[in-house]
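# Observations on chain architecture
This is what each chain is made of:
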Amino acid sequence: MDNWEPLIQAAWEARERAYAPYSKFHVGAAILVSGEIFTGCNVENLSYGLTICAERVAVGTAIAAGLQRIEAVAVVADTELPISPCGACRQVLAEFGDPWVCLANREERIVFRLSELLPRGSAGILDRTV
């Protein structure tokens, strides 16, 4: 992935719409699928287990639009270190490929492949290699 700016900017904009009245922890995500950007923000719930992470909201938006092969993901938050997707989000992302991932805060970026975060995420399951 050569130019992360549009994806990161879209993730920051999505972060502004996060619904986080309990934790006050706002996260934004943006994914690139077939040249289109889809965004998501975290949506908390009083029953905390029902909270939806920004990454999964973005994936759901892309799937609802009929697209399925994720090329890149940006995840942003105002944290000291760039945050990383939770295990559930890693597995959901892995369902749709091995995208490039950029984790960013206001000052730092870390870029790698999802398979570095979730080695063998779906390998061996139902004979899938990705």
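Preceding this paragraph is the structure being described.
Our subject in this report is the structure included herewith. Every value quoted in this text rests on a predicted model; they were computed, and no experiment measured them. (Residues numbered from 1 in each chain as written. Predicted model: local features only at pLDDT ≥ 70, side-chain atom pairs only at ≥ 80, totals over all residues. Heavy atoms only, no water.)

### Remarks on the sheet that holds strand β4 (residues 100-104)
Pairing in this open sheet of five strands is mixed, and the strands run β2-β1-β3-β4-β5 from one edge to the other. Strand pairing shows two members of the sheet lacking a second neighbour, β2 (36-41) and β5 (109-113), which therefore form its edges. On average, each strand axis in the sheet is inclined to that of its neighbour by 15 degrees, with strand direction left out of account. Pairing of β4 with β5 involves five bridges; the strand directions are antiparallel. Bridge pairing in β5 places V101 opposite F112. (Pairing = 2+ DSSP bridges. Helix = DSSP H or I, 4+ residues; strand = E, 2+ residues; numbered from the N terminus. Axes fitted to C-alpha atoms, helices over the stretch in contact; angles between N-to-C directions.)

### With respect to the pattern of salt bridges
Per the counting criterion, the structure on display carries four salt bridges. The closest approach of N and O atoms between E16 and R15, which form a salt bridge, is 3.1 Å. Since its relative accessible area comes to 56%, E16 is described here as exposed. Across the pair R15 and D78 runs a salt bridge whose closest N-O atoms are separated by 3.0 Å. Pair noted here: R15 is in helix α1 (residues 5-15) and D78 is in the loop between β3 (70-77) and α3 (87-94), with a separation of 63 residues, a long-range link. The network of salt bridges with common partners includes R15, E16, D78 and R106. (Salt bridge = Lys/Arg side-chain N within 4 Å of Asp/Glu carboxyl O. Buried < 20%, exposed > 50% of the residue type's maximum accessible area, 1.4 Å probe, protein only.)

### Things to note about the pairing of strand β1 (residues 27-33)
With seven of seven residues buried, β1 lies mostly within the body of the structure. Because side chains alternate across β1, one face comprises the buried residues V27, A29, I31 and V33, and the other comprises G28, A30 and L32, equally buried. The pairing of β1 with β3 spans seven bridges and is antiparallel. Paired with V27 across the two strands is A77, which belongs to β3. With six bridges connecting them, β1 and β2 associate as antiparallel partners.

### Observations regarding the packing of helix α2 (residues 54-64) against α3
Between two packed helices, both the angle of their axes relative to each other and the distance between the axes serve to describe the pair. As a packed pair, α2 and α3 sit with axes 9 Å apart at the nearest point and diverge in direction by 25 degrees. With respect to each other, α2 and α3 are oriented roughly parallel. Seen along the crossing, α2 lies across α3 with a hand that is left-handed. Between α2 and α3, the contacting residues are E55, R56 and V59 on the first element and A88, C89, V92 and L93 on the second. In terms of residue class, the contact of α2 with α3 is made up of five nonpolar, no polar and two charged. (Parallel < 35°, antiparallel > 145°, perpendicular 65-115°, else oblique. Left-handed = near helix turned anticlockwise from the far one by under 90°. Contact = heavy atoms within 4.5 Å. Nonpolar A, V, L, I, M, F, W, Y, C, P; charged D, E, K, R; others polar.)

### Description of unusual backbone geometry
Of note in the backbone geometry, K24 takes a positive phi value of approximately 60 degrees without being a glycine. In this structure K24 comes out as exposed when scored by relative accessible area, which is 59%. Unusually for a residue other than glycine, S34 sits at a positive phi of about 50 degrees. Residue position: S34 is located in the loop between β1 and β2.

### Side note on the nonpolar core
With 22 residues, the main nonpolar core has I31, V33 and I70 as its most contacted residues. Contributing elements (two or more residues each) for this core: β1, α2, β3, α3 and β4. Sequence-distant contacts of V33, that is, excluding residues within four places in its chain, are made with F38, A62, L67, Q68, R69, I70 and E71. (Core = buried A, V, L, I, M, F, W, Y, C linked by side-chain atoms within 4.5 Å.)

These results come straight from atomic positions and should not be treated as a statement about function.
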